[in-house]
Amino acid sequence: MAIFVNENTKVLVQGLTGGQGKYHGRRNRDYGTQIVGGVTPGKGGQDVDGIPIFNSVAEAVEATGADASFAAVPPKFASDAIIEAAEAGIGFVVCITEGIPAQDEALTFNRLVREFPNTRLLGPNCPGIISPGKCNIGITAGEIAQEPTADGPNVGIVSRSGTLTYQALYELKQLGIGVSTCVGIGGDPVPGTNFIDCLAEFQNDPETHAIMMLGEIGGSAEEEAAEFIQANVTKPMSAYIAGVTAPAGKKMGHAGAIVSGGKGTAQGKMDALAAAGVKVGLNPTEAGELMGEIVKSL
Amino acid sequence: MDLFEYQGKQYFARYDIPVSPGGPADTVDEAVAAANAAGYPVVVKAQVQVGGRGKAGGIKLADNEAEARQHAEAILGMDIKGHVVKRVWVENASDIEEEYYVSFTLDRAEKKHLMMLSREGGVEIEVVAEENPDAIIKLHIDPVDGLSADVARQACIDANLPERAIDGATDIIVKLYRCYTEGDCDLAEINPLILKPTGEVHALDAKVTLDGNAEYRHPEWEAFKGLTEMDEREKMAAEKDLQYIGLDGTVGIIANGAGLAMSTLDVVNQVGGSAANFLDIGGGANADVMAGALEVINFDENVKSIFINIFGGITRGEEVAKGIVEALNRVELKAPIVIRLDGTNAEEGRQILLDAGIPESKLRSEPTMLAAAKTVVGLANA
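Going along each chain's sequence as written, the residues are numbered from 1 onward. To label them, take the chains in the order written and letter them from A, then take the ligands in the order written and number them from 1. Local features in this predicted model are restricted to residues whose pLDDT is 70 or higher, and side-chain atom pairs enter the listing and the counts only when it is 80 or higher, whereas totals over whole chains, interfaces and linings include all residues. As a rule here, side-chain values cover all heavy atoms of the structure and leave hydrogens and water aside.

### Side note on the UniProt feature "binding site: ATP" (unreviewed entry) in chain B
Residues and elements named next belong to chain B.
At step 1: UniProt positions are given in the numbering used here, feature names are shortened, and annotations may be inferred rather than shown by experiment. UniProt tags Lys45, Gly52, Arg53, Gly54, Glu91, Ser94 and Glu99 as "binding site: ATP" (unreviewed entry).
At step 2: The numbering of helices and of strands both runs from the N terminus, where a helix is a DSSP run of H or I of at least 4 residues and a strand a run of E of at least 2. For serine 94, the location among the structural elements is in the loop between strand S6 (88–92) and strand S7 (98–107).
At step 3: Assessed through its relative accessible area of 18%, serine 94 is described here as buried.
At step 4: Each residue touching serine 94, except ones within four places of it in the same chain, is listed here: Ser20, Ile194, Lys196, His202 and Leu204. Note on classification: 1.4 Å probe, protein chains only; a residue is buried when its accessible area is under 20% of the maximum for its type, exposed when over 50%, partly exposed between these limits. Pairs of residues are marked as contacts when any of their non-hydrogen atoms sit within 4.5 Å.

Put into structure tokens, the structure is as follows:
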């Protein structure tokens, strides 16, 4: 078991002929992911390293039976690409695109909810999802992810920050801890999938025995997650929140993190998670070590 | 990008939101000329991107030329909460009967737009929210539906605006929503929105934050650039399109991804150091970006050591390494680098650095983030 994807997931790459699409699409395939086709309008009939290209997602779905899509397209076209995938019946869209205007994200999210409730969007501006040994959609380097063991204990990872997602995988690999699924939800204002969506899936996934969560300053997603954990998550957890030393009022990076009016501080988030029974580390290594202790006790 | 009040008003004017006639001025003489053009009485307003200007003496009423001159002299160069006033906005003064508050922003938790409307304007909305939360109407707007005039009108009624203000306020709210959405604002706020004794409603202030990601479809934003309140380091970084924030410490930080960059600041702090900056080279950064980042760090006199923390996903290790080698060829770095390189093509990157034969006094590699933090802080504090 894994969440959202598994070894049978058939993936299309929207933008496979572009630089990022080609590079990461090939890497995902080399990892063992079933990359069954690419979509680039006007380039149907061509191929990238033997992966067939189609003019539209609908055509590609028809020909390949794809059920997931990896959108690696520029910000200008990302919203349309996501909606096109949903229209074609794709159930899981991973969008790595960074720099989509916030209003486009909000509109796209609400259109999906209303018109395509069966399509889940992961991202945008996220590293994607990896179920080690089974499926890797996105930009995570597969070799840093430790495969899960049959009898566990295995850890599910959910992270708002791309690079901290890799850092978490790396920390667990150093400790030899298997990962069931690692989901990078992205730090943009309106992510398609949030902490709570992932925590709920991990809670129900028999292959996940503990959960590691990586958050950051800004917004209230971690506080909401803490409430959800308190009420619904029985599996042990460790966490790290980035931005303890970030100065107030400064926007750190693209869109993820801004502290204003004393709300959304790292300390507030850490306190909320600790109150929900999560073991909170002061840096990613410490969160990994805390997970090591948790796993030993299981 | 935060706009100054006068820029926000210029932006409002594009969407037909009524504002007072006036002009910007960088000198006392320009201010007097702007006052004469606007017609007395005028208000001279400090253009700084910080709240509480009025209380600090940054907003003054002038009935004649002599007073306009006197106020411009006092306000230009004034320090308001660390912001030095380099420009004033001089506008025709308005008679005010009542002051309201209206704003649009994105509510991340609800994933919808949030309109806030209050009959209590002209004061800090945070204070109203705390002392009299019922005085603020909060309305979520689904971006698929948008905001209709009927819904805006009902909000005005719910906010208990007087009958005579409702038509004018509804009109402005609908226009402000258009400005907020079509104009790609993260925030569009009018505080105060005023009712004049004549019954007209108009925007007496403007607070606008633009979403930088939407810049590609707004060529008109070019006019707003160049006057933002950045220090020299930040200006240099902005020219290179780098996500940079200047801080006061001694360890220069370069990382890929906002999360890892923040985390790097945290770890440096935990092992007894202090960051000179936040610098996120973003995803997919190439050699040129890395070289540019090092140039910005090198410009900062306070930097005693440099921490490059890269965990490659979309960013490739060999590109990072090439950038470092290129930067070392291009500029004489004043501080030593400590690098931690992992993830995509990290092996190739480390090999490139090794092959370049850079002496250890200039570049050291560490296997983990924590080890690198300790080394770099040790060098900074030595």
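### As for the interface of chain A and chain B
At step 1: Contacts between the two partners involve 57 residues from chain A and, on the opposite side, 54 residues from chain B.
At step 2: We define buried area as the total accessible area lost by two parts upon association, computed with a 1.4 Å probe and summed across both. Roughly 4,400 Å² of surface becomes buried between chain A and chain B when both sides are summed, with 55% attributable to carbon and sulfur atoms.
At step 3: The term salt bridge refers to a pairing of a side-chain nitrogen on Lys or Arg with a carboxyl oxygen on Asp or Glu at a separation within 4 Å. For the pair chain A and chain B, the interface holds three salt bridges.
At step 4: With a closest N to O distance of 2.7 Å, aspartate 145 of chain B and arginine 114 of chain A form a salt bridge.
At step 5: Each polar contact in these results corresponds to two N or O atoms within 3.5 Å; when the atoms are within protein, one needs to be able to donate a hydrogen and the other to accept it, and residues that are neighboring in sequence are counted only if both atoms are side-chain atoms. Applying the counting rule to chain A against chain B returns 21 residue pairs in polar contact (both at pLDDT 80 or more).
At step 6: Breaking the side of chain A that touches chain B down by element, the ones donating at least two residues are helix H1 (19–31), helix H4 (102–115), helix H5 (162–174), strand S13 (237–242), strand S14 (251–252) and helix H9 (284–297) of chain A.
At step 7: With nine residues, H4 of chain A is the largest single contributor of residues to the side of chain A that touches chain B.
At step 8: Polar here means any residue outside two lists: the nonpolar Ala, Val, Leu, Ile, Met, Phe, Trp, Tyr, Cys and Pro, and the charged Asp, Glu, Lys and Arg; Gly therefore counts as polar. Residue composition of the side of chain A that touches chain B, grouped by class: 28 nonpolar, 18 polar and eleven charged.

### A closer look at helix H5 (residues 149–158) of chain B
At step 1: By the burial criterion, the buried members of H5 of chain B are Ala152, Ala155 and Cys156 of chain B. All buried residues of H5 of chain B lie within an arc of 100 degrees about the axis, which places them on one face of the element. Directions from the helix axis toward the C-beta atoms define the arc.

### Side note on the domain arrangement of chain B
At step 1: Here chain B is partitioned into domain 1 (22–92), domain 2 (98–225) and domain 3 (232–381).
At step 2: Taken over C-alpha atoms, the centre of domain 1 of chain B sits 43 Å from the centre of domain 3 of chain B. All domain edges in this entry derive from an automatic or database-based domain assignment.

### Remarks on the packing of aromatic side chains
At step 1: Under the pairing criterion, centres of Phe, Tyr and Trp rings, with the six-membered ring standing for Trp, must be within 6.5 Å; the plane angle then separates stacked pairs below 30 degrees from edge-to-face pairs above 60, leaving the rest tilted. Following the criterion strictly, the structure yields ten aromatic pairs over all chains and no others.
At step 2: With a centroid separation of 6.3 Å and an interplanar angle of 20 degrees, the aromatic rings of phenylalanine 4 of chain B and tyrosine 6 of chain B are classed as stacked. Accessibility classification places phenylalanine 4 of chain B together with tyrosine 6 of chain B in one group, the buried group.
At step 3: By way of ring pairs, the aromatic residues Tyr166 and Tyr170 of chain A together with Phe311 of chain B are connected into one cluster.
At step 4: Stacked on the ring of phenylalanine 109 of chain A, the Lys or Arg lysine 111 of chain B has its end atom at 4.6 Å from the ring centre.
At step 5: Lysine NZ or arginine CZ positioned within 6 Å of the ring centre and within 35 degrees of the ring normal marks a charge as sitting over the ring. Between the NZ or CZ atom of arginine 340 of chain B and the centre of the ring of tyrosine 170 of chain A, over which it lies, the distance is 5.8 Å.

### A look at empty space enclosed by the protein
Residues and elements named next belong to chain A.
At step 1: Here a cavity denotes a set of grid points, spaced 1 Å apart and computed over the protein atoms alone, in which a 1.4 Å probe fits but from which it cannot get out, and a pocket denotes an open set meeting protein on both sides within 12 Å along at least five of seven lines; residues with an atom within 4 Å of a point are reported as lining. Grid points are joined across faces, edges and corners, and a volume is the space filled by probe spheres set on the points. Counted under the stated rule, the structure contains one cavity of 30 Å³ or more.
At step 2: Within this model, the largest cavity holds a volume of roughly 60 Å³.
At step 3: Together, Ser79, Ile82, Ile100, Asp104, Glu105, Thr108, Phe109, Leu121, Pro124, Val190, Pro191 and Gly192 line the largest cavity.
At step 4: At the level of elements, helix H3 (75–87) and H4 are the ones that each hand at least two residues to the lining of the largest cavity.
At step 5: A total of four residues in the lining of the largest cavity trace back to one element, the largest contributor, which is H4.
At step 6: Looking at side-chain class alone, the lining of the largest cavity contains seven nonpolar, three polar and two charged residues.
At step 7: Each of domain 1 (10–122) and domain 2 (141–297) gives at least three residues to the lining of the largest cavity.

### Things to note about the side chain of asparagine 345 of chain B
At step 1: Along the chain, asparagine 345 of chain B falls in the loop between strand S17 (337–343) and helix H11 (346–355).
At step 2: What makes asparagine 345 of chain B buried here is its relative accessible area of 18%.
At step 3: A distance of 3.0 Å separates polar atoms of two side chains, one belonging to asparagine 345 of chain B and the other to glutamate 318 of chain B.
At step 4: Residues in contact with asparagine 345 of chain B, not counting those within four places in the same chain, are Tyr23 of chain A together with Arg316, Gly317 and Glu318 of chain B.

### A short note on the sheet that holds strand S1 (residues 22–25) of chain B
Residue and element names in this part refer to chain B.
At step 1: Strand order in the open sheet formed by four strands is S1-S6-S2-S3, with antiparallel pairing between adjacent strands. Pairing within the sheet leaves two strands with one partner each, and these edge strands are S1 and strand S3 (59–62). On average, each strand axis in the sheet is inclined to that of its neighbour by 20 degrees, with strand direction left out of account.
At step 2: Should DSSP find at least two bridges between two strands, the strands are regarded as paired. Relative to S6, S1 runs antiparallel, the two being bridged by four bridges. Each residue of the ladder has a partner; that of glycine 23, found in S6, is valine 90.
At step 3: Note on method: axes are straight lines fitted to C-alpha atoms, helices fitted across the in-contact stretch only, with angles between N-to-C directions ranging 0 to 180 degrees. On the sheet, helix H1 (residues 5–14) packs against S1, strand S2 (42–46) and S6 and is oriented at approximately 50 degrees with respect to S6.
At step 4: Strand contacts of helix H2 (residues 28–38): S1, S2 and S6, with the helix running at about 20 degrees to S6, the strand carrying the most contacts.

### Notes on helix H7 (residues 232–239) of chain B
Residues and elements named next belong to chain B.
At step 1: The set of residues buried in H7 consists of Arg233, Glu234 and Ala237. In an axial view of H7, the angular spread of the buried residues amounts to 95 degrees, which keeps them on one side of the axis. Facing away from the buried side of H7 by more than 90 degrees, the exposed set consists of Glu232 and Glu239.
At step 2: Where H7 is buried, its residues touch strand S13 (243–246) and helix H9 (287–299).
At step 3: Just downstream of H7 lies aspartate 241, where phi reads positive at about 60 degrees.

### A short note on the sheet that holds strand S10 (residues 154–159) of chain A
All names here are of chain A.
At step 1: Reading across the sheet, the seven strands line up as S9-S8-S11-S10-S12-S13-S16 and stay open at both edges, with mixed pairing between neighbours. In this open sheet, the two edge strands, each paired with only one partner strand, are strand S9 (135–138) and strand S16 (279–281). Pairwise comparison of adjacent strand axes, ignoring direction, gives a mean angle of 15 degrees for this sheet.
At step 2: Pairing between strand S8 (residues 128–131) and strand S11 (residues 178–184): three bridges, direction antiparallel. Paired with glycine 128 across the two strands is glycine 184, which belongs to S11.
At step 3: The sheet strands contacting H5 are S8, S10, S11, strand S12 (210–216) and S13, and the helix crosses S10 at an angle near 165 degrees.
At step 4: Across the sheet, helix H8 (residues 266–275) touches S12, S13 and S16, and the angle it forms with S13 is around 170 degrees.

### A word on the UniProt feature "binding site: substrate" (unreviewed entry) in chain A
At step 1: Feature annotation in UniProt places "binding site: substrate" (unreviewed entry) on Tyr166 of chain A, given in this structure's numbering.
At step 2: With respect to the element layout, tyrosine 166 of chain A can be found in helix H5.
At step 3: By relative accessible area, which is 4% here, tyrosine 166 of chain A ends up buried.
At step 4: If near-sequence neighbours (up to four positions away) are discounted, tyrosine 166 of chain A is found in contact with Pro127, Ile139, Thr140 and Ile144 of chain A together with Phe311, Gly312, Gly313 and Ile314 of chain B.

### Some remarks on the environment of alanine 46 of chain B
Residue and element names in this part refer to chain B.
At step 1: Within the element layout of this structure, alanine 46 appears in strand S2.
At step 2: Between the C-alpha atoms of alanine 46 and aspartate 205, which are 159 residues apart in sequence, the distance is 12 Å.
At step 3: Ignoring anything within four residues of it in the chain, the contact list for alanine 46 reads Arg53, Gly58, Ile75, Ile80, Val85, Arg87 and Val88.

### Considering the side chain of glutamine 47 of chain B
Residue and element names in this part refer to chain B.
At step 1: The topology assignment puts glutamine 47 in the loop between S2 and S3.
At step 2: The class for glutamine 47 is buried, based on a relative accessible area of 3%.
At step 3: Here glutamate 5 takes part through its side chain, which lies 2.9 Å from a polar atom of the side chain of glutamine 47.
At step 4: In this view, glutamine 47 contacts Phe4, Glu5, Tyr6, Arg53, Val85, Arg87, Val88 and Trp89; residues no more than four positions away in its chain are not counted.

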